[in-house]
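Below, each chain spelled out in residue letters.
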Amino acid sequence: MTRNMSALDRGVRLVAGIVILGLYGALTPPWSYLTLIGLLPLGTALTGYCPTYAAFGKNRPALKR
């Protein structure tokens, strides 16, 4: 699986996923379970691959070192 996200995009998704997951303890059930949606941006940030980008043809290669 090739990466199709830039480093900035990955960083923003990583922070957003952590913040959303951090709200789990602040909300009461059943609303706290909605924070598990934060696993999606966290997972895409860790893998560097976004299936939505691939579906719409927005493939941005990772920065070369």
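Everything below is about the structure printed above this text.
Only a predicted model underlies this, so the values are computations on that prediction, with no experimental measurement involved.

A. Representation of helix α2 (residues 39-47) in the model. Every buried residue of α2 is listed here: Pro41, Leu42, Thr44 and Ala45. All buried residues of α2 project into a common sector of 165° when viewed along the axis, lining one side. Facing away from the buried side of α2 by more than 90 degrees, the exposed set consists of Leu40 and Leu46. Among the structural elements, α1 (7-22) and α3 (51-55) are those in contact with the buried residues of α2.

B. Local environment of the environment of Met5. By secondary structure assignment, the location of Met5 is in the segment before α1. Judged by relative accessible area, Met5 falls into the buried class, the value being 1%.

C. Geometry of the pattern of salt bridges. Throughout the structure, instances matching the rule amount to one salt bridge. A salt bridge links Asp9 to Arg13, with the shortest nitrogen-to-oxygen separation between them at 3.2 Å. Here the residue Asp9 and the residue Arg13 both occupy positions in helix α1, the gap between them amounting to four residues, near one helical turn. With relative accessibility at 13%, the residue Asp9 sits in the buried group. A relative accessible area of 18% places Arg13 in the buried class.

D. Region of interest: unusual backbone geometry. That bond from Pro29 to Pro30 is cis: its omega, 5°, falls within 30 degrees of zero. As for its position among the elements, Pro30 is in the loop between α1 and α2.

E. Spotlight on α1. Helix length check: α1, at 16 residues, gives a terminal C-alpha distance of 23 Å against a target of 22 Å (1.5 Å per residue), a fit within 8%. Within α1 the residues assigned to the buried category are Asp9, Arg13 and Gly17. The buried residues of α1 occupy one face: seen down the axis, they fall within an arc of 65°. Along α1, the residues that are exposed and aim more than 90 degrees away from the buried face are Leu8, Val15, Ile18, Val19 and Gly22. Buried residues belonging to α1 abut α2 and α3.

Conventions adopted
- Residues numbered from 1 in each chain as written.
- Predicted model: local features only at pLDDT ≥ 70, side-chain atom pairs only at ≥ 80, totals over all residues.
- Heavy atoms only, no water.
- Buried < 20%, exposed > 50% of the residue type's maximum accessible area, 1.4 Å probe, protein only.
- Helix = DSSP H or I, 4+ residues; strand = E, 2+ residues; numbered from the N terminus.
- Arc of directions from axis to C-beta.
- Contact = heavy atoms within 4.5 Å.
- Salt bridge = Lys/Arg side-chain N within 4 Å of Asp/Glu carboxyl O.
- Expected span 1.5 Å × (residues − 1).

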